[in-house]
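# Structure at a glance
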Amino acid sequence: MQNQAFDEQDALLRMTICGGEARVALLRTTHTTQRAGDIHNASDTAIAAMGRMLTGTAMLSAMMKEQQAHITTVVDGGGPAGRITCVANGGDLKISMTNPHAAMPQRADGAPDVAGLVGKDGELTVIRDFGVGQPYIGKTSLVSGELGEDFAAYYTQSEQTPSIVSLGAIVKDGIVLSAGGVLVQAMPGCSRETLETLDLRAMLFSGISRDLFEDTLDELAGRWFHDLSPVMLGRQPLRYYCGCSREKALQMLRAVGRDQLIEMLEQDHGAEMTCHFCHSRHVFDENDLRALIGKGMN
Ligand SMILES: [Zn+2]
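Residues numbered from 1 in each chain as written. Predicted model: local features only at pLDDT ≥ 70, side-chain atom pairs only at ≥ 80, totals over all residues.

## Points about the environment of Glu 21
This is how it is decided: Numbering of helices and strands starts at the N terminus; helices are DSSP runs of H or I of at least 4 residues and strands are runs of E of at least 2. Two residues qualify as a contact pair if the distance between their C-beta atoms, derived from the backbone, is within 7 Å.
Residue position: Glu 21 is located in the loop between β1 (11–17) and β2 (22–28). With near-sequence residues (within four places) excluded, Glu 21 lies in contact with Ala 186, Met 187, Cys 190, Ser 191 and Thr 194.

Printed below as a string of structure tokens:
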């Protein structure tokens, strides 16, 4: 496919506009979303939902001052998708969904029925783990299950930051043609005039998945914000990365406790753990279990 936008690497552009009164994140997650769809062998609707969720979570991660924090987002809206869990650590993203094979017919306007798949009877939970101390947990009720509005509601209610969030993905027969989004946030002390300007600008983002298919991030930044004195702050590459390992799986196994390990040894003669995010299988034999049990566990 000869398409500069499609070939562009996944990334997040950060910039300020309106003399620093607002900030913007512009994201492409096409290839990350494709990877998620391939790993989970997901339906087109599920891939579109995962694309929006990956993008929304990457936004949250990028806008945090504490760069070391892990962000986990969970959406459980009561729809056929089940629970969706997404993790961002800097530019590393991963996602899991209870029923990635669940599918919905396309809506009359041709858009994927993400809201139908996700449901809206539930919450968006955001967990920020700084590696030390208690993680910070914020929750907001789902607005529509379309995910863009739900992330916007989280920013506005839980963080008291008026925000415009637009998320989108185009998926056809398992192929992700585009995925990504834009976040525009008013900074504290933002003038009423700037807020009104930003509100008007929101209309531009209604066809974001199509725009992302046709234009690169820099082209979109220029088209949408050139008259608002944009100042580019940085470009962060994004990718699908799980980071699970045999060692980490072993730690989890250790945490189940001695009695259960003995049961696994006697009944199953081993243990097997499959990662929810990358489907890697971590297999442990009798000797591995005996070594764990023998290590003075209680
Ligand atoms: Zn994994």
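## Describing helix α10 (residues 258–268)
Quick reminder of the rule: Residue burial here comes from a neighbour count, namely the number of other C-beta atoms, placed from the backbone, that lie within 10 Å of the residue's own C-beta, with 20 or more meaning buried, 12 or fewer meaning exposed, and in between meaning partly exposed. Starting at the helix axis, one direction is taken to each C-beta atom, and the arc is that of these directions.
Considered for burial, the residues of α10 that qualify are Leu 261, Met 264 and Leu 265. Buried residues of α10, viewed axially, fall in a sector of 95 degrees; they line one side. In α10, the exposed positions that point more than 90 degrees away from the buried face belong to Asp 259, Gln 260, Glu 266 and Gln 267. Packed against the buried residues of α10 are β12 (270–274) and α11 (286–294). Immediately beyond the C-terminal end of α10, within one or two residues, lies His 269, with a positive phi of roughly 55 degrees.

## Observations concerning unusual backbone geometry
Not every positive phi belongs to a glycine, and Cys 18 is a case in point at roughly 55 degrees. Within the fold, Cys 18 resides in the loop between β1 and β2. Even without glycine at this site, Gln 160 takes up a positive phi of about 50 degrees. Note that Gln 160 resides in the loop between α5 (148–158) and β8 (163–172).

## Quick look at the sheet that holds β2
Note the following rule: Paired strands, in this sense, are two strands between which DSSP finds at least two bridges. Fitted lines through C-alpha atoms give the axes, limited to the stretch in contact for helices. The angle between two N-to-C directions lies from 0 to 180 degrees.
Spatial strand order, β8-β9-β2-β1-β10: five strands in an open sheet with antiparallel pairing. The sheet terminates laterally at β8 and β10 (231–237), the two strands that pair on one side only. Strand-to-strand twist of the sheet, defined as the mean angle between neighbouring strand axes without regard to direction, takes the value 10 degrees. Here β1 pairs with β2 via seven bridges, running antiparallel. Paired with Leu 13 across the bridge in β2 is Leu 26. Helix-sheet contacts for α5 involve β8 and β9 (175–186), and the interaxial angle to β8 is about 160 degrees.

## Here's the deal with the sheet that holds strand β6 (residues 123–129)
By definition, the strands of a sheet pair up through backbone hydrogen bonds, in either a parallel or an antiparallel sense. If you trace the six strands from one edge of the open sheet to the other, you get β7-β6-β3-β4-β5-β11, paired in mixed fashion. Every other strand in the sheet has two partners, leaving β7 (136–141) and β11 (239–240) as the edge strands with one partner each. In this sheet, β7 lies alongside β6 in antiparallel orientation, the contact comprising six bridges. Bridge pairing in β7 places Thr 125 opposite Lys 139. Of the strands in this sheet, β3 (70–76), β4 (83–89), β5 (92–97) and β6 touch helix α3 (residues 44–62), which is tilted by about 40 degrees from β4.

## Notes on the nonpolar core
The tendency in soluble globular proteins is for nonpolar side chains to be buried as a group. Note the cut-off: Definition of nonpolar core: a set of buried Ala, Val, Leu, Ile, Met, Phe, Trp, Tyr and Cys residues joined via C-beta atoms within 7 Å.
Core analysis: the biggest nonpolar cluster contains 71 residues, and Val 24, Ala 25, Ala 49, Met 50, Met 53, Ala 58 and Ile 95 have the highest contact counts within it. The greatest single-element share of this core, amounting to 11 residues, is contributed by α3. If we skip the residues at most four places from it in the chain, Val 24 touches Met 15, Ile 17, Val 182, Leu 183, Val 184 and Phe 225. Grouped together as the second largest cluster of nonpolar side chains are six residues, Leu 265, Ala 271, Phe 284 and Leu 289 included.

## A word on the pairing of β3
Only one face of β3 is buried: it carries Ile 71, Thr 73 and Val 75, and the other face, with His 70, Thr 72, Val 74 and Asp 76, is open. With seven bridges joining them, β3 and β6 adopt antiparallel strand pairing. Bridge assignment links Ile 71 to a residue of β6, and that residue is Arg 128. Where β3 and β4 come together, six bridges link them in antiparallel fashion. What sits directly across from Ile 71, in β4, is Ala 88. Counting the residues in the hairpin turn of β3 and β4 gives six residues, including Gly 78, whose phi is positive at 80 degrees.

## Some remarks on the domain arrangement of the protein
Test applied: A domain assignment, automatic or from a database, supplies the domain bounds used here. Following the grouping adopted for this structure description, the nonpolar residues are Ala, Val, Leu, Ile, Met, Phe, Trp, Tyr, Cys and Pro, the charged ones are Asp, Glu, Lys and Arg, and the polar ones are all others, Gly among them.
Structurally, the protein comprises domain 1 (4–240) and domain 2 (246–294). Contacts between the two partners involve four residues from domain 1 and, on the opposite side, four residues from domain 2. For the side of domain 1 that touches domain 2, the leading source of residues is β5, giving three residues. Its residues assigned to classes, the side of domain 1 that touches domain 2 shows two nonpolar, one polar and one charged.

## Here's the deal with the environment of Gln 4
Note that Gln 4 resides in helix α1 (residues 4–7). For Gln 4, a count of 10 C-beta atoms within 10 Å puts it in the exposed group. Distance in space between the C-alpha atoms of Gln 4 and Arg 23 is 26 Å, their sequence separation being 19 residues.

## Regarding the pairing of β1
Side-chain direction in a regular strand flips from residue to residue, so the side chains alternate between the two faces of the sheet. What sits between β1 and β2 in their antiparallel hairpin is a turn of four residues, with Cys 18 showing a positive phi close to 55 degrees. Pairing of β1 with β10, which is carried by six bridges, proceeds in the antiparallel orientation. Across the sheet, the residue bridging to Leu 12 is Gln 236, located in β10.

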